[in-house]
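Analysis of the macromolecular model
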Amino acid sequence: MTRDPRFDILFEPVKIGPVVAKNRFYQVPHCNGMGHARPRAHAAMRGVKAEGGWGVVSTEEVEIHPSSDVSPYIEGRVWDDRDLPALTLITDAIHKHGALAAIELAHAGMNAPNLYSREVSIAPSHVASPANYAPAQARGMTKADIAAYRRWHRNAALRARRAGFNIIYVYAGHGLSLAMHFLQSRHNQRTDEYGGSLINRARLLRELIEDTKQAVGADCAVAVRLAVDELRGPCGISADGEGREVVEMLAELPDLWDVNVSDWPNDSKTSRFAAEGYQEEFVRFVKTVTTKPVVGVGRFTSPDTMVSQIRRGVLDLIGAARPSIADPFLPKKIKNGDIDDIRECIGCNVCVTGDYTMTPIRCTQNPTMGEEWRKGWHPEAIPPRSGEDSFLIVGAGPTGLECARLLGRRGYSVHVAEAGEQLGGRVTRESRLPGLAAWARVRDYRLNQLNKMQNVEILRGSRVTANEVLEFGATRVVLATGARWRRDGIGRANARPIPGFDLTRGVLTPDDLLDGMPAAAGPVVVFDDDHYYLGGVLAEKLRSEGHEVTLITPADRVSAWTVNTLEQHAIQRRVLELGIEVLVNRNVAEFDGTRIVLECTFTGRQTTVSAASVVTLTSRLPNEELAESLGAMPESANAAGIVSVTSIGDCWAPSTIAAAVYGGHRYAREFDCPPGDEVAFQRELADPSNT
Ligand code: ADP
Ligand code: SF4
């Protein structure tokens, strides 16, 4: 394809201080769970972004000093010269493809618990540690501390230049930065020249910019990342208040303004809570008060939206973290006119869970994310087929579709048999629920790719039996038949069935609701022992249909695991605002069809709640009937020329959509070179000689 000339503007170079970005695609800083601990994996991931055409590729927050140690979270580090080899790996990987390398120098102040370094945390004023109710305080900084902090920052900038970075950040975003804590009047109660008026509170930020420019400004651009709005109204920094005033005050000082909203859950809102471009209303003023280039984010995946941001003078550079994770080759695809091939971010924040669980980043849409070095997986370069195998994939959910996409790309002959008329499995069903429409992109991207392949055929309305599999003639059979929710209550909180949990008493599963089965008229209890998004979403759906809804969970909050996707607060707020009653720390003891008996998870004390229906989310059972039937007839399979029958995705072990896609992808990459008992990926082992 050739590029649509409308998109030419996205490929114009942009001068940023002393350096020039080759285009307007700017991968803004993002965490990745690799950081200083897994530098090879980190460098390879950033290198693939650069290869995919991003003009600028940034690190995540990079701690400048041991007093900014955010362990156990794994971010970058530039504590001293010994960090330079790891950082140089990153800049080399980025430069290899002609992109600029940016580093976000960060000091997290009171947000750095210093659990590894055991330094005392620092802050503008004495304050209780905000991290996990830790019994610790951050100490209000003296003038000498401020001078030391400026010196650390300057030294870090000099080291960053030596490591080859082209853009050096002064970070005042997300409420995670000392420079921002000084700006925030609620955290800065100083009475000296660094506290009080906004001019005083912005003094440190100004000094950091000046220090950095003076240290490295001849060679490197100095960027400021500023949260211009905290979405706290007049209680915080706001785009029509102090956020704007800070930009006005420092307008021409940095070489680049990277502006967003704070804190991180506001900056990285999921698609359930915000649409593409949602930050525009907060950041659009910035270009009216500075002549310096401006970058901003908003989960941009549509080139038309990107062009519109530039043409309307909102942004100069299209910032992206998640869209660059879901599709590292997004710029190249636009450049080559392959718009249809863009793997659009679905806004689920599974990528954030890597950082939150201190493990390498992963992505629902892009199963190669985080595996670039560990497994040598590339998002676009796929190894060709290694033999003459032909495949029958049973099930066209996210697992089956991804498996078919990759086997198809490898050049194999593939048939996908799907029982239903609709494709996409759980993704199609769940994307009809409130706020989850963007999840259908998991299906749409794959179907779009499959439709272009002559060697892949999809058979709808084809529920296959074991005998049909034997007769089909494929050499390899892949079962991706998914899973179904249990009705009996067995899950985390209950190892045995809950008395009364059966259909005759009106106990429904999510599958029933997704199949269109209505809850009985009257009050509905949602029992959520799953703790991810679905319990909250189904409660929302039932409430919007007019039911009186009570959400009961053994956890201490609604959708507890969504802390890791930055959504928990927003979900619980929405549930409460909808008038859904929430009972936490409660298990279900029994249900008699009209009353549900609850048990406090601490005391065992029992209470009752009326319910005409119960919707239960506890755990799922794999759909393994076909696998069992085929497993019972190995000779017939042999005789039919079947080399392997493999269950993957939810029918092997129910999990996230991301895990389903990964399972499909992994099979297609690895079926012909199984790792056996070897560790299936490269590891970055600690080197005891390296001190
Ligand atoms: P996953 O997340 O692992 O992809 P899903 O539940 O989303 O699982 O999708 C599984 C798909 O498999 C569903 O669309 C279902 O209709 C289909 N399926 C299940 N059993 C069969 C079968 N015997 N023959 C064909 N399709 C099947
Ligand atoms: Fe987007 Fe989800 Fe991938 Fe993150 S994990 S980049 S939110 S699709």
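My aim in this report is to walk through the structure given alongside it, one point at a time. (Residues numbered from 1 in each chain as written. Chains lettered and ligands numbered in written order. Predicted model: local features only at pLDDT ≥ 70, side-chain atom pairs only at ≥ 80, totals over all residues. Heavy atoms only, no water.)

With respect to the overall build of the chain
- On a plain count of helices and strands, the chain comes out with 24 helices and 29 strands.
- Here the C-alpha atoms of the chain give a radius of gyration of 27 Å, agreeing with the 26 Å that 2.2 N^0.38 yields for 691 residues.
- Taking the principal axes of its C-alpha atoms as reference, the chain extends roughly 75 × 65 × 55 Å.
- For the chain, the residues scored as buried account for 59% of the 691 residues in total.
- Put simply, 72% of the contacts in the chain that link residues at least 6 apart link residues at least 24 apart.
- Counting every atom, the chain has about 26,800 Å² of accessible surface; 50% of that belongs to carbon and sulfur.
- Taking the average place of the 78 positive charges on the side chains of the chain and the average place of its 86 negative ones, the gap between the two points comes to 3 Å. (Helix = DSSP H or I, 4+ residues; strand = E, 2+ residues; numbered from the N terminus. Rg over C-alpha atoms; globule rule 2.2 N^0.38 Å. Buried < 20%, exposed > 50% of the residue type's maximum accessible area, 1.4 Å probe, protein only. Contact = heavy atoms within 4.5 Å. Areas by Shrake-Rupley, 256 points an atom, 1.4 Å probe, with all protein chains shown as cover. Lys, Arg positive; Asp, Glu negative; His and termini not counted. Charge placed at Lys NZ, Arg CZ, Asp CG, Glu CD.)

A closer look at the nonpolar core
- With 80 residues, the main nonpolar core has Leu10, Tyr149, Ile168, Leu205, Leu226, Trp257 and Ile334 as its most contacted residues.
- Here the element with the most residues in this core is helix 3 (residues 143-162); it accounts for seven residues.
- With near-sequence residues (within four places) excluded, Trp257 lies in contact with Val224, Leu226, Val246, Val247, Leu250, Ala251, Val286, Thr290, Lys292, Pro293, Val294 and Val295.
- With 35 residues, the next largest nonpolar core counts Leu508, Val582, Val615 and Leu617 among its residues. (Core = buried A, V, L, I, M, F, W, Y, C linked by side-chain atoms within 4.5 Å.)

Structural notes on the packing of aromatic side chains
- Within this structure, the stated rule accounts for 16 aromatic pairs.
- With centroids separated by 5.2 Å and ring planes inclined at 50°, the aromatic side chains of Phe11 and Phe25 adopt a geometry described as tilted. Linking Phe11 in the segment before strand 1 (14-16) with Phe25 in strand 3 (residues 25-27), this pair joins segments that are 14 residues apart in sequence. The pair Phe11 / Phe25 is uniform in exposure class, with both members buried.
- Seen from their ring centres, Phe25 and Trp54 are 5.9 Å apart, and the 90° between their planes marks the pair as edge-to-face. (Phe/Tyr/Trp six-rings, centres within 6.5 Å; stacked < 30°, edge-to-face > 60°.)

Section: the environment of Asp4
- Secondary-structure assignment places Asp4 in the segment before strand 1.
- A relative accessible area of 26% places Asp4 in the partly exposed class.
- Each C-alpha atom, one on Asp4 and one on Ala519, is 50 Å from the other, the two residues being 515 residues apart in sequence.
- Separated by 2.8 Å, the side chains of Asp4 and Arg6 make a polar contact. (Polar contact = N/O pair within 3.5 Å; in protein donor to acceptor, adjacent residues only side chain to side chain.)

A closer look at the site of ligand 2
- Ligand 2 sits among 13 residues. The nearest are Cys345, Cys348, Asn349, Cys351 and Cys363.
- Per-element tally for the shell around ligand 2: the top contributor is helix 12 (residues 322-326), with three residues.
- The residue inventory of the shell around ligand 2, partitioned by class, reads eight nonpolar, four polar and one charged. (Near = heavy atom within 4 Å. Nonpolar A, V, L, I, M, F, W, Y, C, P; charged D, E, K, R; others polar.)

Remarks on the sheet that holds strand 9 (residues 137-140)
- Reading across from one edge, 7-9-8 is the order of the three strands in this open sheet, with mixed pairing throughout. With partners counted over all chains shown, the strands left at the sheet margins are strand 7 (122-123) and strand 8 (127-128), one partner each.
- Here strand 7 pairs with strand 9 via two bridges, running parallel. Residue pairing for strand 9: Ile122 is matched across the bridge by Arg139. (Pairing = 2+ DSSP bridges.)

Quick notes on the site of ligand 1
- Taken together, the neighbourhood of ligand 1 is formed by 21 residues, with Thr399, Glu418, Ala419, Arg426 and Asp650 sitting nearest.
- Within the contact set of ligand 1, a nitrogen atom lies 2.9 Å away from a backbone nitrogen or oxygen of Ala419.
- Between ligand 1 and the protein, one listed contact pairs a nitrogen atom with a backbone N or O atom of Val464 at 3.0 Å.
- Protein contacts shield 87% of the accessible area of ligand 1, which totals 580 Å² for the unbound molecule.
- The set of elements that each furnish at least two residues to the shell around ligand 1 consists of helix 15 (398-410) and helix 16 (425-430).
- A per-class count over the shell around ligand 1 returns nine nonpolar, eight polar and four charged.

Details of the pattern of salt bridges
- Tallied over the full model, the rule gives 53 salt bridges.
- Residues Arg486 and Asp488 are paired through a salt bridge, measuring 2.9 Å at the closest nitrogen-oxygen approach.
- Between Asp650 and Arg620 there is a salt bridge, with the nearest N and O atoms lying 3.9 Å from each other. Residue Asp650 is located in the loop between strand 29 (644-647) and helix 24 (657-670), and its partner Arg620 is located in strand 28 (residues 620-622); the two are separated by 30 residues in the primary sequence. (Salt bridge = Lys/Arg side-chain N within 4 Å of Asp/Glu carboxyl O.)

Quick look at the sheet that holds strand 22 (residues 549-552)
- Across the sheet, which stays open at both edges, the five strands sit in the order 20-27-21-22-23 with parallel pairing between neighbours. Looking at strand neighbours, the two that pair on one side only are strand 20 (507-508) and strand 23 (581-583), the edges of this open sheet.

Considering the packing of helix 15 against helix 17 (residues 441-451)
- Between helix 15 and helix 17, the least distance of the axes is 9 Å, while the angle of their chain directions is 30°. In the packing of helix 15 onto helix 17, the handedness of the crossing is left-handed. The segment helix 15 lies against helix 17, with Pro398, Leu401, Glu402, Ala404 and Arg405 engaging Val442, Arg443, Tyr445, Arg446, Leu447, Gln449 and Leu450.
- For the contact of helix 15 with helix 17, the class distribution of residues is seven nonpolar, one polar and four charged. (Axes fitted to C-alpha atoms, helices over the stretch in contact; angles between N-to-C directions. Left-handed = near helix turned anticlockwise from the far one by under 90°.)

Concerning the environment of Arg24
- Examined against the element boundaries, Arg24 turns out to sit in the loop between strand 2 (19-21) and strand 3.
- Here the alpha-carbon distance between Arg24 and Phe501, two residues 477 residues apart in the chain, equals 56 Å.
- The residues touching Arg24, leaving out its near neighbours within four places in the chain, are Ile9, Leu10, Glu12, Val14, Ile310, Asp316, Leu317 and Ile318.

Remarks on the pairing of strand 25 (residues 595-600)
- Both strand 24 (residues 586-591) and strand 25 contribute to a ladder of five bridges, which runs antiparallel. The partner of Phe591 across the bridge, within strand 25, is Ile596.
- Between strand 24 and strand 25, which follow one another and run antiparallel, lie three residues, and Gly593 among them has a positive phi close to 100°.
- Sheet topology places strand 25 next to strand 26 (residues 606-610); five bridges connect them, and they run antiparallel. Following the sheet pairing, Val597 is matched in strand 26 by Thr608.
- In sequence, strand 25 turns back onto strand 26 through a hairpin of five residues, with Gly604 there showing a positive phi of about 80°.

A closer look at the packing of helix 6 (residues 203-216) against helix 7 (residues 242-250)
- Running from amino to carboxyl end, helix 6 crosses helix 7 at an angle of 35°, the nearest separation of the two axes being 11 Å. As for the relative orientation of helix 6 and helix 7, their crossing is right-handed in sense. Touching Leu205, Arg206 and Ile209 of helix 6 are Val246, Met249 and Leu250, all from helix 7.

Here we look at unusual backbone geometry
- In this chain, Ser71 is followed by Pro72 through a cis amide linkage whose omega measures 10°.
- Considering the arrangement of structural elements, one finds Pro72 in the loop between strand 4 (56-63) and strand 5 (76-77).
- The backbone phi angle of Arg118 is positive, close to 60°, even though this residue is not glycine.
- Relative to the helices and strands, Arg118 is located in the loop between strand 6 (100-106) and strand 7.
- Assessed through its relative accessible area of 75%, Arg118 is described here as exposed.
- Although it is not a glycine, Ser559 adopts a positive phi angle of roughly 45°.
- In this fold, Ser559 is placed in the loop between strand 22 and helix 21 (568-577).

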